[in-house]
Amino acid sequence: MPSQNEDAVFRLVKSLNKAEKRHFKVFVNRLSGGDEVLFMQLFNLMDKNEQYQDRDAERIPGIKRKQISNLKRHLQKQILISLRLLGTNKIPELAVREQMDFARLLYGKGLYMQSLKVLDKAKQMANEAHEDLLELEIIEFEKIIEARHITRSIENRAEELTAQSKRRKEVISS
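Residues numbered from 1 in each chain as written. Predicted model: local features only at pLDDT ≥ 70, side-chain atom pairs only at ≥ 80, totals over all residues. Heavy atoms only, no water.

S.K.: Just give me the short version of helix α1 (residues 8-15), but keep the residues and values in it.
M.R.: An α-helical turn contains 3.6 residues, so a residue and the one three or four places further along point in the same direction. Those residues of α1 not exposed but buried are V9, F10, L12 and V13. Taken end-on, α1 shows its buried residues confined to a sector of 160°, consistent with a single buried face. For α1, the secondary structure elements touched by its buried residues are α2 (18-32), α3 (38-48) and α5 (68-87). Where α1 begins, one side-chain oxygen reaches toward the backbone nitrogen of V9, 3.0 Å away; that side chain belongs to D7. (Buried < 20%, exposed > 50% of the residue type's maximum accessible area, 1.4 Å probe, protein only. Helix = DSSP H or I, 4+ residues; strand = E, 2+ residues; numbered from the N terminus. Arc of directions from axis to C-beta. Contact = heavy atoms within 4.5 Å. Polar contact = N/O pair within 3.5 Å; in protein donor to acceptor, adjacent residues only side chain to side chain.)

Put into structure tokens, the structure is as follows:
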């Protein structure tokens, strides 16, 4: 059982299995070129040691005491991004949310029809995974797009989306 004062990032690194560590290293190498990155050196230090103190990180060339907290925060963020990418195939909710993020990005670029297509795919995924709240969120976003922009999609689309929304709300409330 880890002690209370043990570092949260260190615990995260130690909680990773072999495949997750490998994926993280590949992820970092793809982005930046590898071991010369300071946060990757910190990861390797935490990975190979059984205990960790911030003073251990000061022995890594290029790391100053003042930057350790920022470096650990950046390491944690990169690990979580890597885990999210790895988990997208395994955790349906992550895959649906990823599609929703893509739809929001397309919407922000003014690509409303493409956004609606991605939302339709996300809605199917949410339905198959029985993620009712996510499906409702997708329907509400579709309603916003249809109401604000001339998409010329399907006739009576607003009524159809309203009916879907009501059905989802009924399922959620029961």
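S.K.: Would you mind going over α3 in detail, with residue names and values included?
M.R.: Listed in full, the buried residues belonging to α3 are F39, M40, L42, F43, L45, M46 and D47. For α3, the elements touching its buried residues are α1, α2, α4 (54-57) and α5.

S.K.: Which residues make up the environment of L105, and what values go with them?
M.R.: With respect to the secondary-structure elements, L105 resides in helix α6 (residues 92-108). By relative accessible area, which is 58% here, L105 ends up exposed. Sequence separation between L105 and S69 is 36 residues; the distance between their C-alpha atoms is 31 Å.

S.K.: Lay out the nonpolar core in plain terms, naming residues and giving numbers.
M.R.: Most often, soluble globular proteins have nonpolar side chains that are buried together. Formed by 23 residues in total, the largest nonpolar core has its most connected members in F24, L42, F43, M46, Y52, L75 and I79. Those elements that provide at least two residues to this core are α1, α2, α3 and α5. Ignoring any residue separated from it by four or fewer positions in sequence, one finds Y52 in contact with D7, F10, L42, L45, M46, A57, I68 and K72. Judged by nonpolar contacts, the second largest core, of 14 residues, contains A122, A126, L134 and I138. (Core = buried A, V, L, I, M, F, W, Y, C linked by side-chain atoms within 4.5 Å.)

S.K.: With reference to specific residues and values, describe the pattern of salt bridges.
M.R.: This structure, assessed with the given rule, holds 13 salt bridges. In this structure, K21 engages D47 in a salt bridge whose closest nitrogen and oxygen atoms are separated by 2.6 Å. One end of the pair, K21, is in helix α2; the other, D47, is in helix α3, with 26 residues separating them in the sequence. With respect to burial, K21 and D47 carry one shared label: buried. Linking D54 and K72 is a salt bridge whose minimum nitrogen-to-oxygen distance equals 3.0 Å. Remark: K72 occurs in helix α5 and D54 occurs in helix α4; sequence separation between them is 18 residues. Connected via shared salt-bridge partners are E93, R97, R104 and E137. (Salt bridge = Lys/Arg side-chain N within 4 Å of Asp/Glu carboxyl O.)

What is shown is where atoms sit, not what they do.
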